[in-house]
Amino acid sequence: MRAVVMGAGSWGTAIAKVLVDAGTETTIWARRPELAERITHDHANGDYLPGITLPDGLRATSSVVDAVTGADVVVCAVPSQSLRANLTEWMPHVADDATFVSLAKGVETSTLLRMSEVIAEVSGAPVERVAVLSGPNLAREIAEGQPAATVIACRDEHRAQNLQQAFNTGYFRPYTNTDVVGCEIGGAVKNVIALACGMASGVGFGQNTLATIITRGLAETIRLAVAVGAQIETLAGLAGVGDLVATCSSPLSRNRTFGAHLGQGATMQEAQEATHGQVAEGVKSCSSVRALAVKFDVEMPLTDAVHQVCHSGLSVADAVSSLLGRRTKPEIYD
Ligand SMILES: NC(=O)C1=CN([C@@H]2O[C@H](COP(=O)(O)OP(=O)(O)OC[C@H]3O[C@@H](n4cnc5c(N)ncnc54)[C@H](O)[C@@H]3O)[C@@H](O)[C@H]2O)C=CC1
Ligand SMILES: O=C(CO)COP(=O)(O)O
């Protein structure tokens, strides 16, 4: 099996290292030729993963044709809102029977499509050839070889099992799942909830508040996921609660960090500058997740609040008051 990782940001680079460590022949595509050079010659990607030594076996290129030609597995490692444009450019060079793996955690704002749906639409591939990799996987920890597990979801179980072998190392343990919808909704919504946790910690609230946001965030994630067609068990797994807890608790999370700046009183622009323009997917996905919730008639108060803070100028303090001022209700309802 020959894999190509399209995108040499933090997660693309870490997952390329995983693939090589798993014994899979791997190329990584970087937009900038100088970055491809550095990965090839210095075995480093200091912009995204400073201090990490990449394996000698990892080949890098900035040529799309060179990267994609002959690849059996195309791993899509660019941000959600730019996946469509990137993939459109790559497609003329992708093999007819290639398998796609999406790493992106978001929902397209212009169409409300999940990333696997965007891939199927742009590539014309049947959904059985599109997989998703998602779990509690902060890139830096994985690149350091810290143990973690993940989920590889694909409607074609046999394909998921082949991918499981391609990504399986002594420190990175993939489980298979056929519930692509559950994994994708879990991954997209946890970024929004991580923004809320960041806001709370930025304000100075403690663990009770964070646990409340994580738990109620999971409740609204489950409501949306099930409405869209997911299995509830997936949200109790690595791509649901696992990723939610990791992202909401870790200072390494870009979404949580972005939210923390807002909680400390920064404007959106200041938060963007403070996080050096790094992608915090939840900032855009809170709009598409909220729109999906409206479409499926699902109540998502935390997502609503994050959306209003990020896009309607609501202050974090007012968002807190409005969340706590809602009518009281039972913990469990449909
Ligand atoms: N960093 C992490 O710990 C994890 C990230 N993810 C997801 O993986 C996806 C990629 O994330 P990262 O690698 O962390 O992002 P990143 O910001 O570190 O890197 C993005 C890569 O995409 C490239 N790119 C191509 N077209 C682009 C465009 N139009 N705009 C911006 N960048 C473009 C950039 O050059 C860069 O190489 C995201 O959806 C993220 O949510 C998932 C799990 C872990
Ligand atoms: O998806 C992630 C961990 O699983 C990374 O989260 P951030 O994008 O918030 O850094």
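Values in this document were obtained by computation on a predicted structure and should not be read as measured data.

Some remarks on the site of ligand 1
Line of reasoning, step 1. Around ligand 1 lies a shell of 24 residues, among which Gly 9, Trp 11, Ser 82, Ala 104 and Ala 139 are the nearest.
Line of reasoning, step 2. Split into classes, the residues belonging to the shell around ligand 1 amount to eleven nonpolar, ten polar and three charged.

A word on the pairing of strand E6 (residues 130-134)
Line of reasoning, step 1. Of all five residues that make up E6, five are buried, and the element is covered over most of its length.
Line of reasoning, step 2. Covered by surrounding structure in E6 are Val 130, Val 132 and Ser 134 together with Ala 131 and Leu 133, the residues of both alternating faces.
Line of reasoning, step 3. Regarding the hand of the β-α-β motif, the stretch spanning strand E5 (residues 99-102), helix H5 (residues 115-123) and E6 is right-handed.
Line of reasoning, step 4. Bridge analysis of E6 against strand E7 (residues 148-154) gives four bridges, and the strand direction is antiparallel.

Some details on the site of ligand 2
Line of reasoning, step 1. In the vicinity of ligand 2 lie 13 residues, with Asn 137, Thr 247, Ser 253, Arg 254 and Asn 255 positioned nearest.
Line of reasoning, step 2. Only helix H8 (180-203), helix H11 (238-249) and helix H12 (254-263) provide two or more residues apiece to the shell around ligand 2.
Line of reasoning, step 3. The element best represented in the shell around ligand 2 is H11, accounting for three residues.
Line of reasoning, step 4. Among the residues making up the shell around ligand 2, the classes are represented as four nonpolar, five polar and four charged.
Line of reasoning, step 5. The two domains that each donate at least three residues to the shell around ligand 2 are domain 1 (2-178) and domain 2 (181-324).

Description of the nonpolar core
Line of reasoning, step 1. Counting residues in hydrophobic clusters, the biggest one holds 109 residues, and the most contacted among them are Met 6, Val 75, Cys 76, Ala 131 and Ile 193.
Line of reasoning, step 2. Top element by residues in this core is H8. It accounts for 14 residues.
Line of reasoning, step 3. Residues from two domains meet in this core; each of domain 1 (2-178) and domain 2 (181-324) gives at least three.
Line of reasoning, step 4. In contact with Met 6, other than residues within four places in its own chain, are Trp 29, Ala 67, Val 74, Val 75, Cys 76, Ala 77, Val 78, Asn 86 and Trp 90.

Some thoughts on the sheet that holds strand E4 (residues 73-76)
Line of reasoning, step 1. Taken in spatial order, the eight strands line up as E3-E2-E1-E4-E5-E6-E7-E8 in an open sheet, and their pairing is mixed. The sheet is open, and its two borders are formed by strand E3 (59-61) and strand E8 (172-177), each paired with just one other strand. Neighbour-to-neighbour, the strand axes of this sheet turn through a mean angle of 25 degrees, independent of strand direction.
Line of reasoning, step 2. Strand direction decides the pairing type here: strand E1 (residues 2-6) and strand E2 (residues 25-29), joined by five bridges, are parallel. Of the residues in E2, the one forming a bridge with Val 4 is Thr 27.
Line of reasoning, step 3. Its contacts with the sheet put helix H1 (residues 10-21) on E1, E2, E4 and E8, and the angle it makes with E2 is roughly 165 degrees.

A closer look at the packing of helix H14 (residues 281-295) against helix H15 (residues 301-311)
Line of reasoning, step 1. The interhelical angle for the contact between H14 and H15, taken along N-to-C directions, is 135 degrees, at an axis separation of 9 Å. On the basis of the axis angle, H14 is oblique to H15. Crossing geometry of H14 relative to H15 is assigned as left-handed. Where H14 approaches H15, its residues Val 283, Cys 286, Ser 287, Val 289, Arg 290 and Ala 293 are matched on the opposing element by Thr 303, Asp 304, Val 306, His 307, Cys 310 and His 311.
Line of reasoning, step 2. Broken down by class, the residue content of the contact of H14 with H15 amounts to six nonpolar, four polar and two charged.

Re the domain arrangement of the chain
Line of reasoning, step 1. What the domain assignment reports for the chain is domain 1 (2-178) and domain 2 (181-324).
Line of reasoning, step 2. Its C-alpha centre places domain 1 at a distance of 24 Å from the equivalent point of domain 2.
Line of reasoning, step 3. Domain 1 puts 24 residues into the contact, and the matching count from domain 2 is 27 residues.
Line of reasoning, step 4. Only helix H4 (80-90), H5, E6, E7 and E8 provide two or more residues apiece to the side of domain 1 that touches domain 2.

Comments concerning H12
Line of reasoning, step 1. The buried count for H12 comes to ten of ten residues, which makes it a mostly enclosed element.
Line of reasoning, step 2. Three or more residues of H12 are buried, namely Arg 254, Asn 255, Arg 256, Thr 257, Phe 258, Gly 259, Ala 260, His 261, Leu 262 and Gly 263.
Line of reasoning, step 3. In this structure, the buried residues of H12 make contact with H8, H11, helix H13 (268-274), H14, H15 and helix H16 (316-324).
Line of reasoning, step 4. Positive backbone phi, approximately 105 degrees, marks Gly 265, located one or two places after H12.

Considerations on the UniProt feature "domain: Glycerol-3-phosphate dehydrogenase NAD-dependent C-terminal" (unreviewed entry) in the chain
Line of reasoning, step 1. Per the UniProt annotation, the sites labelled "domain: Glycerol-3-phosphate dehydrogenase NAD-dependent C-terminal" (unreviewed entry) are residues 179-320.
Line of reasoning, step 2. Strand forms 0% of residues 179-320 and helix 77%; the C-alpha atoms that close the span are 34 Å apart.

Thoughts on the environment of Phe 205
Line of reasoning, step 1. On the secondary structure map, Phe 205 appears in the loop between H8 and helix H9 (207-228).
Line of reasoning, step 2. Under the C-beta neighbour-count criterion, Phe 205 is labelled partly exposed, with 16 such atoms within 10 Å.
Line of reasoning, step 3. Through-space distance from the C-alpha of Phe 205 to that of Gly 263 is 9.9 Å; in sequence the pair is 58 residues apart.

The rules we used
- Residues numbered from 1 in each chain as written.
- Chains lettered and ligands numbered in written order.
- Predicted model: local features only at pLDDT ≥ 70, side-chain atom pairs only at ≥ 80, totals over all residues.
- Near = placed C-beta within 6 Å.
- Nonpolar A, V, L, I, M, F, W, Y, C, P; charged D, E, K, R; others polar.
- Buried ≥ 20, exposed ≤ 12 C-beta atoms within 10 Å, placed from the backbone.
- Helix = DSSP H or I, 4+ residues; strand = E, 2+ residues; numbered from the N terminus.
- Right-handed = clockwise from strand over helix to strand, strands pointing away.
- Pairing = 2+ DSSP bridges.
- Domains from an automatic or database assignment.
- Core = buried A, V, L, I, M, F, W, Y, C linked by C-beta atoms within 7 Å.
- Contact = placed C-beta atoms within 7 Å.
- Axes fitted to C-alpha atoms, helices over the stretch in contact; angles between N-to-C directions.
- Parallel < 35°, antiparallel > 145°, perpendicular 65-115°, else oblique.
- Left-handed = near helix turned anticlockwise from the far one by under 90°.
- UniProt positions renumbered as here; feature names shortened; annotations may be inferred.

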